[in-house]
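Working through the structure, step by step
Take a look at the letters that make up each chain.
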Amino acid sequence: MACRDLTKAEIAKSLIEKETEYEKEKGSIIVEHLDLCSLQSVREFVARILASEATIQILINNAGVMMCPESKTKDGFETHIGSNHFAPALLTLLLLPRLIQDGPSRIVFVSSMLHEKYNFDVDDFNFESRPYDAYEAYCRSKAANVLFAKALALKLKEHNINNVTTYSLHPGVISTGIGRHLNTAMWTGASWLFNNVLYWFIKSPRCGAQTSIYCAVDEDCANESGFYYSDCTRKTPSKQCRSDEEASKAWALTTEVLENHLKNHQLSLVRSSM
(Lines give C-alpha, C1' and ligand atoms only; values in the text may rest on other atoms or scores of the structure.)
Protein backbone atom coordinates (compact mmCIF):
# COMPACT_ATOMS: atom_id res chain seq x y z
CA MET A 1 0.00 0.00 0.00
CA ALA A 2 1.89 3.02 -1.31
CA CYS A 3 0.89 6.28 0.37
CA ARG A 4 2.17 9.83 0.81
CA ASP A 5 0.98 10.21 4.42
CA LEU A 6 2.38 7.26 6.38
CA THR A 7 0.42 8.13 9.53
CA LYS A 8 -2.91 7.91 7.71
CA ALA A 9 -1.70 4.80 5.89
CA GLU A 10 -0.93 3.01 9.15
CA ILE A 11 -4.39 3.89 10.47
CA ALA A 12 -5.99 2.49 7.29
CA LYS A 13 -3.85 -0.63 7.57
CA SER A 14 -5.00 -1.19 11.16
CA LEU A 15 -8.66 -0.77 10.19
CA ILE A 16 -8.33 -3.27 7.33
CA GLU A 17 -6.55 -5.77 9.53
CA LYS A 18 -9.24 -5.43 12.20
CA GLU A 19 -12.07 -5.92 9.68
CA THR A 20 -10.39 -9.01 8.21
CA GLU A 21 -9.17 -10.46 11.49
CA TYR A 22 -11.15 -13.67 11.10
CA GLU A 23 -10.87 -14.03 7.33
CA LYS A 24 -9.19 -17.16 6.00
CA GLU A 25 -6.39 -17.11 3.42
CA LYS A 26 -5.76 -13.40 3.87
CA GLY A 27 -2.53 -11.73 2.88
CA SER A 28 -0.49 -9.12 4.68
CA ILE A 29 -0.42 -5.35 4.23
CA ILE A 30 2.88 -3.53 3.83
CA VAL A 31 2.90 0.27 3.94
CA GLU A 32 5.45 2.10 1.80
CA HIS A 33 6.03 5.80 1.27
CA LEU A 34 5.23 7.21 -2.18
CA ASP A 35 4.74 10.87 -3.05
CA LEU A 36 3.34 11.22 -6.56
CA CYS A 37 4.36 14.88 -6.62
CA SER A 38 7.98 13.73 -6.84
CA LEU A 39 9.49 11.54 -9.56
CA GLN A 40 12.42 10.90 -7.24
CA SER A 41 10.00 9.45 -4.70
CA VAL A 42 8.59 7.20 -7.45
CA ARG A 43 12.05 5.94 -8.37
CA GLU A 44 12.96 5.31 -4.73
CA PHE A 45 9.71 3.43 -4.14
CA VAL A 46 10.26 1.25 -7.19
CA ALA A 47 13.80 0.42 -6.08
CA ARG A 48 12.53 -0.71 -2.66
CA ILE A 49 9.67 -2.78 -4.09
CA LEU A 50 11.80 -4.52 -6.70
CA ALA A 51 14.28 -5.45 -3.97
CA SER A 52 11.73 -6.62 -1.40
CA GLU A 53 8.93 -8.28 -3.39
CA ALA A 54 9.49 -11.69 -4.96
CA THR A 55 6.48 -11.35 -7.28
CA ILE A 56 4.52 -8.38 -8.66
CA GLN A 57 1.38 -9.17 -10.68
CA ILE A 58 -1.12 -6.38 -9.95
CA LEU A 59 -0.59 -2.61 -10.01
CA ILE A 60 -3.52 -0.31 -9.22
CA ASN A 61 -2.76 3.36 -9.85
CA ASN A 62 -5.42 4.81 -7.58
CA ALA A 63 -3.96 7.86 -5.81
CA GLY A 64 -4.39 11.38 -7.10
CA VAL A 65 -5.68 14.89 -6.52
CA MET A 66 -8.87 16.66 -7.59
CA MET A 67 -9.46 20.34 -8.33
CA CYS A 68 -6.64 21.64 -6.16
CA PRO A 69 -5.45 25.28 -6.28
CA GLU A 70 -2.85 26.13 -8.90
CA SER A 71 0.47 24.64 -7.91
CA LYS A 72 3.43 22.67 -9.23
CA THR A 73 4.92 19.29 -8.37
CA LYS A 74 8.54 19.05 -7.27
CA ASP A 75 9.44 18.39 -10.91
CA GLY A 76 7.64 21.50 -12.21
CA PHE A 77 4.49 19.87 -13.57
CA GLU A 78 1.04 21.32 -13.00
CA THR A 79 -0.09 19.33 -9.97
CA HIS A 80 -2.99 17.41 -11.55
CA ILE A 81 -1.09 16.21 -14.61
CA GLY A 82 2.03 15.55 -12.54
CA SER A 83 0.51 13.51 -9.74
CA ASN A 84 -2.44 11.99 -11.62
CA HIS A 85 -0.63 11.09 -14.84
CA PHE A 86 3.14 11.49 -15.15
CA ALA A 87 4.01 9.92 -11.79
CA PRO A 88 1.72 6.86 -12.23
CA ALA A 89 3.02 6.48 -15.79
CA LEU A 90 6.60 6.46 -14.52
CA LEU A 91 5.70 4.02 -11.75
CA THR A 92 4.08 1.72 -14.30
CA LEU A 93 6.97 1.82 -16.76
CA LEU A 94 9.61 1.19 -14.10
CA LEU A 95 7.66 -1.81 -12.77
CA LEU A 96 6.73 -3.08 -16.22
CA PRO A 97 9.72 -5.43 -16.73
CA ARG A 98 8.89 -7.20 -13.45
CA LEU A 99 5.18 -7.32 -14.30
CA ILE A 100 6.06 -8.92 -17.62
CA GLN A 101 8.46 -11.36 -15.95
CA ASP A 102 5.92 -12.37 -13.29
CA GLY A 103 2.85 -12.44 -15.56
CA PRO A 104 0.03 -12.89 -16.03
CA SER A 105 -0.20 -9.37 -14.63
CA ARG A 106 -2.68 -6.51 -14.67
CA ILE A 107 -2.24 -2.73 -14.57
CA VAL A 108 -5.22 -0.62 -13.52
CA PHE A 109 -5.55 3.16 -13.90
CA VAL A 110 -8.31 4.80 -11.85
CA SER A 111 -9.69 7.61 -14.02
CA SER A 112 -13.06 9.36 -13.92
CA MET A 113 -16.15 9.88 -16.06
CA LEU A 114 -15.06 13.52 -16.13
CA HIS A 115 -12.36 12.57 -18.65
CA GLU A 116 -15.15 13.14 -21.19
CA LYS A 117 -15.35 16.87 -20.43
CA TYR A 118 -11.90 17.89 -21.70
CA ASN A 119 -9.32 16.26 -23.95
CA PHE A 120 -5.76 15.64 -22.81
CA ASP A 121 -3.82 18.55 -24.32
CA VAL A 122 -0.39 17.34 -25.41
CA ASP A 123 0.59 20.89 -26.42
CA ASP A 124 -0.21 22.69 -23.16
CA PHE A 125 -0.46 20.14 -20.34
CA ASN A 126 1.09 22.62 -17.87
CA PHE A 127 -1.37 25.49 -18.53
CA GLU A 128 1.38 27.74 -19.83
CA SER A 129 -0.67 29.17 -22.69
CA ARG A 130 -4.01 29.74 -20.97
CA PRO A 131 -5.40 30.64 -17.53
CA TYR A 132 -5.41 27.84 -14.98
CA ASP A 133 -8.73 26.13 -14.29
CA ALA A 134 -8.80 23.44 -11.58
CA TYR A 135 -11.79 21.58 -13.03
CA GLU A 136 -10.29 21.53 -16.52
CA ALA A 137 -6.91 20.43 -15.16
CA TYR A 138 -8.50 17.51 -13.32
CA CYS A 139 -10.53 16.39 -16.35
CA ARG A 140 -7.52 16.54 -18.68
CA SER A 141 -5.42 14.47 -16.28
CA LYS A 142 -8.13 11.82 -16.15
CA ALA A 143 -8.27 11.71 -19.96
CA ALA A 144 -4.52 11.13 -19.87
CA ASN A 145 -5.11 8.09 -17.64
CA VAL A 146 -7.49 6.50 -20.15
CA LEU A 147 -5.23 7.27 -23.09
CA PHE A 148 -2.12 5.89 -21.39
CA ALA A 149 -3.86 2.64 -20.46
CA LYS A 150 -4.91 2.24 -24.09
CA ALA A 151 -1.48 3.22 -25.41
CA LEU A 152 0.29 0.75 -23.14
CA ALA A 153 -2.03 -2.04 -24.28
CA LEU A 154 -1.22 -1.18 -27.90
CA LYS A 155 2.54 -1.18 -27.20
CA LEU A 156 2.37 -4.53 -25.42
CA LYS A 157 0.43 -6.02 -28.33
CA GLU A 158 2.87 -4.52 -30.82
CA HIS A 159 5.74 -6.35 -29.10
CA ASN A 160 3.80 -9.62 -28.70
CA ILE A 161 3.66 -9.31 -24.92
CA ASN A 162 0.42 -11.08 -24.07
CA ASN A 163 0.73 -11.72 -20.35
CA VAL A 164 0.13 -8.13 -19.17
CA THR A 165 -3.26 -6.44 -19.55
CA THR A 166 -4.25 -2.83 -18.86
CA TYR A 167 -7.48 -1.19 -17.72
CA SER A 168 -8.85 2.28 -16.98
CA LEU A 169 -12.02 2.97 -15.06
CA HIS A 170 -14.49 5.34 -13.46
CA PRO A 171 -14.94 4.27 -9.82
CA GLY A 172 -17.98 6.46 -9.18
CA VAL A 173 -18.32 9.48 -6.92
CA ILE A 174 -16.95 8.22 -3.62
CA SER A 175 -17.04 9.46 -0.06
CA THR A 176 -13.34 10.14 0.54
CA GLY A 177 -11.24 13.22 1.23
CA ILE A 178 -10.61 13.88 -2.46
CA GLY A 179 -13.03 16.80 -2.46
CA ARG A 180 -11.10 18.75 0.17
CA HIS A 181 -9.97 21.44 -2.31
CA LEU A 182 -13.42 22.26 -3.68
CA ASN A 183 -13.86 25.34 -1.46
CA THR A 184 -10.78 26.93 -3.00
CA ALA A 185 -11.24 25.70 -6.55
CA MET A 186 -14.97 26.40 -6.84
CA TRP A 187 -16.74 28.36 -4.10
CA THR A 188 -16.92 28.53 -0.31
CA GLY A 189 -19.13 25.69 0.89
CA ALA A 190 -18.53 23.40 -2.10
CA SER A 191 -16.68 20.83 0.03
CA TRP A 192 -19.52 20.83 2.56
CA LEU A 193 -22.06 20.39 -0.24
CA PHE A 194 -20.04 17.52 -1.70
CA ASN A 195 -19.68 15.70 1.62
CA ASN A 196 -23.13 16.36 3.11
CA VAL A 197 -25.90 17.33 0.67
CA LEU A 198 -24.64 14.93 -2.01
CA TYR A 199 -23.89 12.24 0.58
CA TRP A 200 -26.94 10.13 -0.36
CA PHE A 201 -25.80 9.92 -3.99
CA ILE A 202 -22.16 9.09 -3.23
CA LYS A 203 -20.69 5.58 -3.05
CA SER A 204 -18.99 4.29 0.06
CA PRO A 205 -15.27 3.51 -0.32
CA ARG A 206 -16.14 -0.21 -0.30
CA CYS A 207 -18.61 0.19 -3.18
CA GLY A 208 -16.31 2.58 -4.98
CA ALA A 209 -13.52 0.01 -4.99
CA GLN A 210 -15.52 -2.67 -6.77
CA THR A 211 -14.66 -1.75 -10.37
CA SER A 212 -10.97 -1.50 -9.48
CA ILE A 213 -11.15 -4.96 -7.90
CA TYR A 214 -13.04 -6.28 -10.92
CA CYS A 215 -10.35 -5.06 -13.31
CA ALA A 216 -7.57 -6.34 -11.05
CA VAL A 217 -8.75 -9.90 -10.45
CA ASP A 218 -12.00 -10.90 -12.19
CA GLU A 219 -11.68 -13.65 -14.79
CA ASP A 220 -14.38 -12.08 -16.97
CA CYS A 221 -11.98 -9.36 -18.11
CA ALA A 222 -8.76 -11.37 -17.93
CA ASN A 223 -8.31 -11.37 -21.71
CA GLU A 224 -9.34 -7.76 -22.28
CA SER A 225 -6.77 -4.97 -22.44
CA GLY A 226 -6.77 -1.22 -23.02
CA PHE A 227 -10.47 -0.74 -22.34
CA TYR A 228 -12.43 1.58 -20.05
CA TYR A 229 -14.85 0.37 -17.33
CA SER A 230 -17.52 1.61 -14.95
CA ASP A 231 -19.74 -0.36 -12.55
CA CYS A 232 -17.76 -3.52 -13.37
CA THR A 233 -18.76 -3.25 -17.03
CA ARG A 234 -16.88 -2.22 -20.14
CA LYS A 235 -17.97 1.25 -21.25
CA THR A 236 -17.30 3.60 -24.15
CA PRO A 237 -14.88 6.42 -23.26
CA SER A 238 -14.66 9.84 -24.89
CA LYS A 239 -13.99 10.23 -28.62
CA GLN A 240 -10.35 11.18 -27.98
CA CYS A 241 -9.83 8.19 -25.72
CA ARG A 242 -11.19 5.79 -28.36
CA SER A 243 -8.52 6.88 -30.85
CA ASP A 244 -5.37 4.80 -31.34
CA GLU A 245 -3.72 7.87 -32.87
CA GLU A 246 -4.49 10.01 -29.82
CA ALA A 247 -3.24 7.25 -27.53
CA SER A 248 0.02 7.11 -29.50
CA LYS A 249 0.43 10.88 -29.15
CA ALA A 250 -0.10 10.60 -25.39
CA TRP A 251 2.45 7.78 -25.21
CA ALA A 252 5.06 9.72 -27.18
CA LEU A 253 4.64 12.85 -25.09
CA THR A 254 4.63 10.99 -21.79
CA THR A 255 7.75 8.96 -22.45
CA GLU A 256 9.58 11.99 -23.86
CA VAL A 257 8.71 14.15 -20.84
CA LEU A 258 9.70 11.44 -18.37
CA GLU A 259 12.97 10.69 -20.12
CA ASN A 260 13.87 14.36 -20.06
CA HIS A 261 13.30 14.48 -16.31
CA LEU A 262 15.04 11.18 -15.62
CA LYS A 263 17.97 12.04 -17.88
CA ASN A 264 17.90 8.67 -19.60
CA HIS A 265 17.90 6.49 -16.48
CA GLN A 266 15.73 3.38 -16.08
CA LEU A 267 12.79 4.56 -18.16
CA SER A 268 14.89 4.79 -21.30
CA LEU A 269 15.69 1.09 -20.90
CA VAL A 270 11.99 0.22 -20.72
CA ARG A 271 11.18 2.39 -23.70
CA SER A 272 13.94 0.98 -25.87
CA SER A 273 12.81 -2.57 -25.11
CA MET A 274 9.32 -1.72 -26.39
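Residues numbered from 1 in each chain as written. Predicted model: local features only at pLDDT ≥ 70, side-chain atom pairs only at ≥ 80, totals over all residues. Heavy atoms only, no water.

**Structural notes on the overall build of the protein**
To be explicit about the condition: The helix count covers DSSP runs of H or I at least four residues long, the strand count covers runs of E at least two residues long, and both are numbered beginning at the N terminus. Relative accessible area decides the class of each residue, using a 1.4 Å probe on protein chains only: under 20% of the type maximum gives buried, over 50% gives exposed, and in between gives partly exposed. Any two residues having at least one pair of non-hydrogen atoms within 4.5 Å are treated as being in contact. Only the protein chains shown count as cover for residues, with accessible areas throughout obtained via the Shrake-Rupley method and a probe of 1.4 Å.
Secondary structure assignment for the protein yields 10 helices and seven strands. Counting every position in the protein, which comprises 274 residues, the buried fraction comes to 47%. Partitioning the intrachain contacts of the protein with sequence separation of at least 6 by distance along the chain shows that 72% fall at a separation of at least 24. For the protein, the exposed surface amounts to about 14300 Å²; the carbon and sulfur share of it is 51%.

**Comments concerning unusual backbone geometry**
Note on backbone geometry: most residues besides glycine have negative phi, and most peptide bonds are trans. Between G103 and P104 the backbone carries a cis peptide bond, its omega angle lying at 15°. Residue placement: P104 occurs in the loop between α3 (79-101) and β4 (105-110). Look at F127: it is not a glycine, yet its phi comes out positive at around 55°. In this structure F127 comes out as buried when scored by relative accessible area, which is 8%. The backbone of D231 sits at a positive phi, close to 50°, despite the residue not being glycine. Inspection of the secondary structure assignment puts D231 in the loop between β6 (227-230) and β7 (233-235).

**Quick word on the pairing of β4**
Which entries qualify depends on this criterion: At least two bridges found by DSSP between two strands is the condition for calling them paired. Every crossover in which the path from the first strand over the helix to the second runs clockwise, viewed with the strands pointing away from the viewer, is termed right-handed.
With respect to burial, β4 is a largely interior element, six of its six residues being buried. Side-chain alternation along β4 places S105, I107 and F109 on one buried face and R106, V108 and V110 on a second face that is also buried. Pairing of strand β3 (residues 58-61) with β4, which is carried by four bridges, proceeds in the parallel orientation. Bridge pairing links N61 to F109 in β4. What joins β3 to β4 is α3, and the crossover it makes is right-handed. As paired strands, β4 and strand β5 (residues 164-170) are joined by six bridges and run parallel to one another. Bridge pairing in β5 places S105 opposite V164. Where the polypeptide runs from β4 across helix α4 (residues 134-158) and back to β5, its parallel neighbour, the crossover connection is right-handed.

**Looking at the side chain of T165**
Summarising the element assignment, T165 is placed in strand β5. Setting aside its immediate chain neighbours within four residues, T165 contacts S105, R106, I107, A222, E224 and S225.

**Brief notes about the pattern of salt bridges**
What counts here: A pairing counts as a salt bridge when a side-chain nitrogen of Lys or Arg comes within 4 Å of a carboxyl oxygen of Asp or Glu.
According to the stated counting rule, one finds 11 salt bridges in the structure shown. A salt bridge links R130 to D124, with the nearest nitrogen and oxygen atoms 2.5 Å apart. With relative accessibility at 6%, the residue D124 sits in the buried group. Measuring nitrogen to oxygen at the nearest pair gives 3.6 Å for the salt bridge that ties E246 to K249. Pair noted here: E246 and K249 are both in helix α9 (residues 244-262), with a separation of three residues, about one helical turn. Taking the relative accessible area as the measure of exposure, E246 reaches 23% and is therefore partly exposed. A residue is classified by how much of its surface remains accessible, and K249, at 38% relative accessible area, is partly exposed. The structure contains a network of salt bridges with shared partners spanning D121, D124, R130, E136 and R140.

**So, the side chain of E32**
Where we set the bar: Here a polar contact is recorded for every N or O atom pair within 3.5 Å, except that within protein the pair must consist of a potential hydrogen donor and a potential acceptor, and residues adjacent in sequence are included only if both atoms are side-chain atoms.
With respect to the secondary-structure elements, E32 resides in strand β2 (residues 32-33). In terms of polar contacts, E32 uses its side chain to reach the side chain of R48, at 2.7 Å. Sequence-distant contacts of E32, that is, excluding residues within four places in its chain, are made with M1, A2, C3, L6, F45, R48 and I49.

**As for the sheet that holds β7**
Note the following rule: Every angle, taken between N-to-C directions, lies between 0 and 180 degrees, and every axis is a line fitted to C-alpha atoms, over only the stretch in contact when it is a helix.
Taken in spatial order, the five strands make up an open sheet running β3-β4-β5-β6-β7, and their pairing is mixed. Single-partner strands in this sheet number two, and they are β3 and β7. If you compare each strand with its neighbour and ignore which way they point, the axes differ by 30° on average. Each of β3, β4 and β5 is contacted by α3, which is oriented at about 175° to β3, the strand it contacts most. Sheet strands touched by helix α8 (residues 210-217): β3, β4, β5 and β6. Its angle to β4, the strand with the most contacts, is close to 155°.

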